[in-house]
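Breakdown of the fold
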Amino acid sequence: MKTSIVAAIAALAGLSAASPIENRQFQVSVTLWSARNITQTLSIPADRTPVQIDSNLVVTRITSPGGGFCTFVGTEGESVVIYGEDDQSLRVPQPIEWGTCGNN
Ligand SMILES: *[C@@H]1O[C@H](CO)[C@@H](O)[C@H](O)[C@H]1NC(C)=O
């Protein structure tokens, strides 16, 4: 009895350990642009996990060649939605604090 519980927990752990590997196949490429056209390209897993973006780049524009549906939130609270192949400008240039992507 105890053995089967341990086996069940091990099986569950195995499943959750497998999912990050799966998600690695679904990454959305997104490029952050500054006013001077300095760029930072990010690969965001398309599993809706919020990703903290450690960058002081003051972003004026966010582009993506496609592949996902993302929301980015800046340090001034502005949010930018990227849907598929997209090119969005921020109203107020600001560093991007975090983002999240899904694949639909
Ligand atoms: C940035 O790139 C855009 C589009 O290619 C261009 O119009 C703009 O002049 C560039 N800005 C700078 C500061 O190089």
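Remember, it's a predicted structure, so these values are computed and weren't measured experimentally. (Residues numbered from 1 in each chain as written. Predicted model: local features only at pLDDT ≥ 70, side-chain atom pairs only at ≥ 80, totals over all residues. Heavy atoms only, no water.)

1. A look at the site of the ligand
Lining the immediate environment of the ligand, one finds Ala 35, Arg 36 and Asn 37. Asn 37 is positioned with one of its side-chain polar atoms (N or O) 2.3 Å from an oxygen atom of the ligand. Burial of the ligand by the protein chains amounts to 27% of its free accessible area of 370 Å². (Near = heavy atom within 4 Å. Polar contact = N/O pair within 3.5 Å; in protein donor to acceptor, adjacent residues only side chain to side chain. Areas by Shrake-Rupley, 256 points an atom, 1.4 Å probe, with all protein chains shown as cover.)

2. Overview of the pattern of salt bridges
Considering all chains together, one arrives at two salt bridges under this definition. A salt bridge links Arg 61 to Asp 87, with the shortest nitrogen-to-oxygen separation between them at 2.9 Å. With Arg 61 in strand E4 (residues 59-74) and Asp 87 in strand E5 (residues 79-94), the pair connects residues that are 26 residues apart, well separated along the chain. The class of Asp 87 is partly exposed, set by a relative accessible area of 43%. Among the ionic pairs, Arg 91 bridges to Glu 78, the shortest N-O distance being 3.9 Å. Taken together, the residues span a long stretch of sequence, with Arg 91 in strand E5 and Glu 78 in the loop between E4 and E5 at a distance of 13 residues. (Salt bridge = Lys/Arg side-chain N within 4 Å of Asp/Glu carboxyl O. Helix = DSSP H or I, 4+ residues; strand = E, 2+ residues; numbered from the N terminus. Buried < 20%, exposed > 50% of the residue type's maximum accessible area, 1.4 Å probe, protein only.)

3. Here we look at the state of the cysteines
This structure, assessed with the given rule, holds one disulfide. For Cys 70, the disulfide goes to Cys 101, at an S-S distance of 2.0 Å. Taking the sign of the S-S torsion, about 105° here, the bridge from Cys 70 to Cys 101 comes out right-handed. Taken together, the residues span a long stretch of sequence, with Cys 70 in strand E4 and Cys 101 in strand E6 (residues 96-102) at a distance of 31 residues. When sorted by exposure, Cys 70 lands in the same class as Cys 101, which is buried. (Disulfide = S-S within 2.5 Å.)

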